[in-house]
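Overview (structure and organization)
Take a look at the letters that make up each chain.
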Amino acid sequence: MRPDGLLDEVALVDHHCHGVIDATLDRQQFELLATEADLPGPTGSTFFDTQLGFAVRRWCAPVLDLESHVTPEVYVARRAELGPVEVNRRLLRAAGVSTFLVDTGYRGDELLTPAGMAATAEADAREVVRLETVAEHLVHRGVTAERFASAYAEALDAAAASAVGLKSIIAYRYGLDFDSARPSEREVRDAAGRWLRRDEGAAAPRLDDPVVLRHVLWAGVDLGLPVQFHVGFGDVDLDLRRCDPLAMTGFFRATQPLGVDLLLLHCYPFHRQAGYLAHVFPHVHMDVGLAVPYVGARAAAVIAESLELTPFHKLLYSSDAAGLAELHYLGALLFRRAFDEVVGRWTGDGLWSIADARRVARMIGAGNAERVYGLHR
Ligand SMILES: [Zn+2]
C-alpha cells in the first residue's frame with residue numbers, strides 16, 4: 001500500500017535559504033535568477049529550456065492563476081501584472097514552510113530580510129550568519145592586522161547574537177581541500193596583514209586568503225553554533241573539482257570531539273560522498289537543497305540517492321532558494337513529491353512500513369533541523 005502525501009502534514013523547516021527580491025523583474029532579470037550561470041546563453045536561447053524552467057511553467061503558473069505550461073512570455077507578464085508583493089506572498093505561502101533559516105550574507109541588501117520573509121510567508125524566520133561577510137565588514141571599519149583576530153571574535157559574537165547557525169563559503173573562496181589545522185596567531189596576523197593591504201579601500205573587499213578563511217571557520221567552530229558549508233555545485237564563481245566534501249575528511253576528524261554540528265549543503269553531484277560522511281561522523285549532516293528544483297523531473301533520483309547511506313536523522317530539507325519565490329515553492333513542492341515517489345515505492349513493496357515512512361518524513365522535513373538548530377529551545 002502506498003500512502004499519499006507523506007510530507008503533506010509536515011510544515012517544513014527550510015534550514016538554508018535566502019530572501020526573495022521585492023521588485024518587478026523583466027524577462028532577462030528573471031532568467032538570470034533562475035540559473036547558476038552569470039551570463040545569458042547563446043543568442044536566441046532561454047534558461048526556460050531547462051528542468052527548472054519547465055518546472056516553473058508546470059507548477060508555479062497555477063499559483064499565479066495561469067494554466068500549467070504557459071509560455072515564458074505569459075508567465076513573466078503575469079508576474080509583473082500581479083506585482084512582486086503578491087507573487088512573493090502567494091508562492092512563499094504555498095511552499096508550506098513553517099520556519100525559514102535565512103543566510104543573510106549573500107546580496108543581503110537586495111533581498112528580503114528574515115523579518116520580511118516571515119511577514120510575507122506568514123511563517124517564522126531565523127538568521128544564519130555568513131562567516132566571511134563578518135570579516136569583510138571589518139575591512140570597512142579599518143581593522144589592523146594586530147587587532148584582526150580579537151576584532152573578528154567580537155564582531156562574530158555580536159552578529160550571531162540572535163542567529164541559529166553560521167555559514168562558510170570556503171568552497172567558493174578557496175576549495176574544500178583546505179588545511180584542516182587551526183592556524184597559529186602569528187599566521188593569522190601575517191595573512192590578515194597581506195589581505196588588508198590588498199583590500200583596504202576596496203568597495204567590496206573579498207576574503208580569499210586561505211589562512212584567514214581557516215581562521216574565521218575555526219572562530220565559528222569556537223562559537224559552538226551549527227556551521228553550514230557550501231558543498232557541490234553552485235554558481236560559476238567556484239571550482240567544482242574542489243567542492244567534493246571528502247576533501248574535508250581531516251577537518252571532520254579534527255572537529256568531531258568538539259560538539260559542534262556541521263551541515264553539508266546541496267552536495268550535488270557529491271551527495272553520495274556527503275551521505276557517507278554523514279554516516280560515519282556523528283556531527284555531520286547533509287541536504288540536497290538547490291539540486292532538487294534544478295533537476296526538476298529528476299528530483300526523485302537525487303532524493304533516492306540521498307537516502308542511501310545517510311542515516312535518516314542526518315538528512316535535512318532545504319531549498320537554498322535565493323531571489324525568486326518560485327525557487328522556494330519548487331524546492332518544497334518537488335521535495336515533497338519526490339520523497340513520496342521514492343518512499344511510496346518502498347512502502348508499496350513492503351520494504352518500509354507506512355508508520356516508519358511517516359516518522360522519517362517528519363524527521364527529514366522538520367524534526368532534524370529543530371534538533372540541530374535548537375529551534376524549540
Ligand atoms: Zn545558499
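Scroll up a little and you will see the structure.
First, a word on scope: everything that follows refers to the structure included in this document.

What counts as what
- Residues numbered from 1 in each chain as written.
- Predicted model: local features only at pLDDT ≥ 70, side-chain atom pairs only at ≥ 80, totals over all residues.
- Heavy atoms only, no water.
- 1 Å grid on protein atoms, 1.4 Å probe; cavity = no way out; pocket = protein on both sides within 12 Å on 5 of 7 lines; lining within 4 Å.
- Points joined across faces, edges and corners; volume = space filled by probe spheres on them.
- Helix = DSSP H or I, 4+ residues; strand = E, 2+ residues; numbered from the N terminus.
- Nonpolar A, V, L, I, M, F, W, Y, C, P; charged D, E, K, R; others polar.
- Buried < 20%, exposed > 50% of the residue type's maximum accessible area, 1.4 Å probe, protein only.
- Pairing = 2+ DSSP bridges.
- Right-handed = clockwise from strand over helix to strand, strands pointing away.
- Donors = N, O, S within 2.8 Å, 3.2 Å for Na, K, Ca; no water.
- Core = buried A, V, L, I, M, F, W, Y, C linked by side-chain atoms within 4.5 Å.
- Contact = heavy atoms within 4.5 Å.
- Axes fitted to C-alpha atoms, helices over the stretch in contact; angles between N-to-C directions.

1. A short note on the layout of surface pockets
- Looking at the largest pocket, its volume works out to about 940 Å³.
- Forming the boundary of the largest pocket are 41 residues, of which His18, Tyr106, Arg107, Arg130 and Asp235 lie nearest the centre.
- At the level of secondary structure, the elements contributing two or more residues to the lining of the largest pocket comprise α1 (27-33), β3 (124-130), α6 (131-140) and α8 (170-173).
- Tallying contributions element by element places α6 first for the lining of the largest pocket, with four residues.
- Taken together, the residues of the lining of the largest pocket sort by class into 15 nonpolar, twelve polar and 14 charged.
- Considered as a void within the structure, the second largest pocket measures approximately 290 Å³ in volume.
- As for the second largest pocket, its lining consists of 16 residues, and the residues nearest its centre are Trp59, Gly296, Ala297, Leu334 and Arg337.
- Going through the elements one at a time, α2 (51-63), α14 (299-306) and α15 (325-348) are the ones with two or more residues in the lining of the second largest pocket.
- No other element matches α2, which puts six residues into the lining of the second largest pocket.

2. A few points about the pairing of strand β5 (residues 227-231)
- The element β5 is extensively covered by neighbouring structure, given that five of its five residues are classed as buried.
- Because side chains alternate across β5, one face comprises the buried residues Val227, Phe229 and Val231, and the other comprises Gln228 and His230, equally buried.
- Bridge count for strand β4 (residues 165-168) against β5 is three bridges, and the pairing is parallel. Looking at the pairing, Lys167 lines up with Gln228 of β5.
- Following the chain from β5 across helix α11 (residues 249-255) to the adjacent parallel strand β6 (residues 262-266), one finds a crossover that is right-handed.

3. What about the coordination of the zinc ion?
- Looking at the zinc ion, the protein donor atoms are His16 (NE2), His18 (NE2) and Asp320 (OD), and they sit 2.0 to 2.1 Å from it.
- All donors to the zinc ion come from one chain, and their sequence spacing reads H-x1-H-x301-D. One end of the pair, His18, is in the loop between β1 (12-17) and α1; the other, Asp320, is in the loop between α14 and α15, and 302 residues separate them in sequence. With respect to class, His18 is no different from Asp320; both count as buried.

4. A closer look at the nonpolar core
- Tyr75, Phe148, Tyr152, Phe229, Phe251 and Leu264 are the most contacted members of the largest nonpolar core, which has 142 residues in total.
- Residues in contact with Tyr152, not counting those within four places in the same chain, are Leu131, Val134, Ala135, Leu138, Val216 and Ala219.

5. Side note on the sheet that holds β1
- In spatial order, the strands read β1-β2-β3-β4-β5-β6-β7; together these seven strands make up an open sheet with parallel pairing. Bordering the open sheet on either side are β1 and β7 (284-286), each of which pairs with just one other strand. With direction set aside, neighbouring strand axes in the sheet form an average angle of 25 degrees.
- Sheet analysis places strand β2 (residues 97-103) next to β3, joined by five bridges and oriented parallel.

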